Amino acid sequence: MKARSVVFYAGDEQKSDVKRRIDEEVLPRFSEAPHFLGFVALQSEGSRQVVAMSFWDDGLEGSEAFSEEFQDEIERVTGAALARREFTIVRMLMRGTDGAVYLDVSRRTNVAEHRCSLGHRLIHDQWQTGRKPIPTWFCPTCNAPYTQQPDGTFVQVTDRSSD
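Residues numbered from 1 in each chain as written. Predicted model: local features only at pLDDT ≥ 70, side-chain atom pairs only at ≥ 80, totals over all residues. Heavy atoms only, no water.

Asker: I'd like a description of the overall build of the protein, backed by residues and values.
Answerer: When you go through the protein residue by residue, the secondary structure sums to 2 helices and 10 strands. Seen in sequence order, the protein has helices and strands lined up from the N terminus as β-α-β-β-α-β-β-β-β-β-β-β. Expressed as a percentage of the 163 residues in the protein, the buried residues total 35%. A separation threshold of at least 6 residues defines the contact pool for the protein, and within that pool the share at least 24 residues apart is 43%. Accessible surface for the protein amounts to roughly 10400 Å². Of this, 50% is attributable to carbon and sulfur atoms. (Helix = DSSP H or I, 4+ residues; strand = E, 2+ residues; numbered from the N terminus. Buried < 20%, exposed > 50% of the residue type's maximum accessible area, 1.4 Å probe, protein only. Contact = heavy atoms within 4.5 Å. Areas by Shrake-Rupley, 256 points an atom, 1.4 Å probe, with all protein chains shown as cover.)

This is the structure:
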């Protein structure tokens, strides 16, 4: 995974225009790019400094032209030059307000680690029904199998006999 950051300074009178452009132009266009994963914009407390970071699954080539357009527009709106950097994500962990881990990415594997509903790491497993192996996930801490749903969440398997 890669991250691209842009650092700039925006005064109070510019913040609403910058936010509107991010909401109406940047996010919709980035969301169309095949490797786009997410975006965050941060403002330093008591400062005009803004850091915008986009997250990408693979190469950033597909976003290059639009990123340059975005940077040119931010420079026009704020009158400030931008500092741009690219990073390799070494570690990323995101939890929801319920405490469940929704994203756990480590550079070691460069793939998200899947978690059970209690936040334990799942390991990939499979079980046999007749001649057909069924891929599933297993939580060694809960000692329970899980299946992945179409929305990416995991549900504990309570009864395998119907399969």
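More follows now that the structure is in view.
Asker: Could you give an account of the pattern of salt bridges, naming the residues involved and the relevant values?
Answerer: Summed over all chains, the structure comprises 8 salt bridges. The residue Asp17 makes a salt bridge to Arg21 at a minimum N-O spacing of 3.4 Å. On the criterion of helical spacing, the pair formed by Asp17 and Arg21 is a turn pair, its members being 4 residues apart in helix α1 (residues 12-32). For Glu86, the salt bridge goes to Arg84, with nearest N and O atoms at 3.2 Å. Assessed through its relative accessible area of 30%, Arg84 is described here as partly exposed. Linked by salt bridges that have partners in common, Asp17, Arg20, Arg21, Glu24 and Glu25 make up one network. (Salt bridge = Lys/Arg side-chain N within 4 Å of Asp/Glu carboxyl O.)

Asker: Lay out the pairing of strand β3 (residues 49-56) in plain terms, naming residues and giving numbers.
Answerer: Inspection of the sheet shows strand β1 (residues 2-9) paired to β3 by 8 bridges, in the antiparallel sense. Paired with Val6 across the strands is Ala52, a residue of β3. When strand β2 (residues 36-43) meets β3, the two strands line up antiparallel, connected through 7 bridges. Within β3, the position partnered with Phe36 by the bridge is Trp56. The hairpin turn running from β2 into β3, its antiparallel successor, is 5 residues long, and Gly46 in that turn takes a positive phi close to 70 degrees. (Pairing = 2+ DSSP bridges.)

Asker: Please set out the side chain of Ser5 residue by residue, giving values where relevant.
Answerer: As for its position among the elements, Ser5 is in strand β1. With a relative accessible area of 5%, Ser5 lands in the buried category.

Asker: Just give me the short version of helix α2 (residues 64-78), but keep the residues and values in it.
Answerer: Look at α2: 21 Å from first C-alpha to last across 15 residues, which is about the 21 Å you get at 1.5 Å a residue. Among all positions in α2, only Phe66, Ser67, Phe70, Gln71, Ile74, Val77 and Thr78 are buried. Seen along its axis, α2 keeps its buried residues to an arc of 140 degrees; they face one direction. Set apart from the buried face of α2 by more than 90 degrees, the exposed residues are Ala65, Asp72 and Arg76. Tucked inside the fold, the buried residues of α2 contact β1, α1 and β4 (83-88). The first or second residue beyond α2 is Gly79, which carries a positive phi of 75 degrees. (Expected span 1.5 Å × (residues − 1). Arc of directions from axis to C-beta.)

Asker: Can you tell me about α1, naming the residues and giving the values?
Answerer: Taking 1.5 Å of rise per residue, the 21 residues of α1 would be expected to cover 30 Å, and the 30 Å separating its terminal C-alpha atoms lies within 8% of that figure. Of all the bends in α1, the greatest measures close to 40 degrees and is centred on Ile22. When we look at burial in α1, the residues that qualify are Gln14, Val18, Arg21, Ile22, Val26 and Phe30. (Bend = angle between axes of the 7 residues up to and from the residue.)

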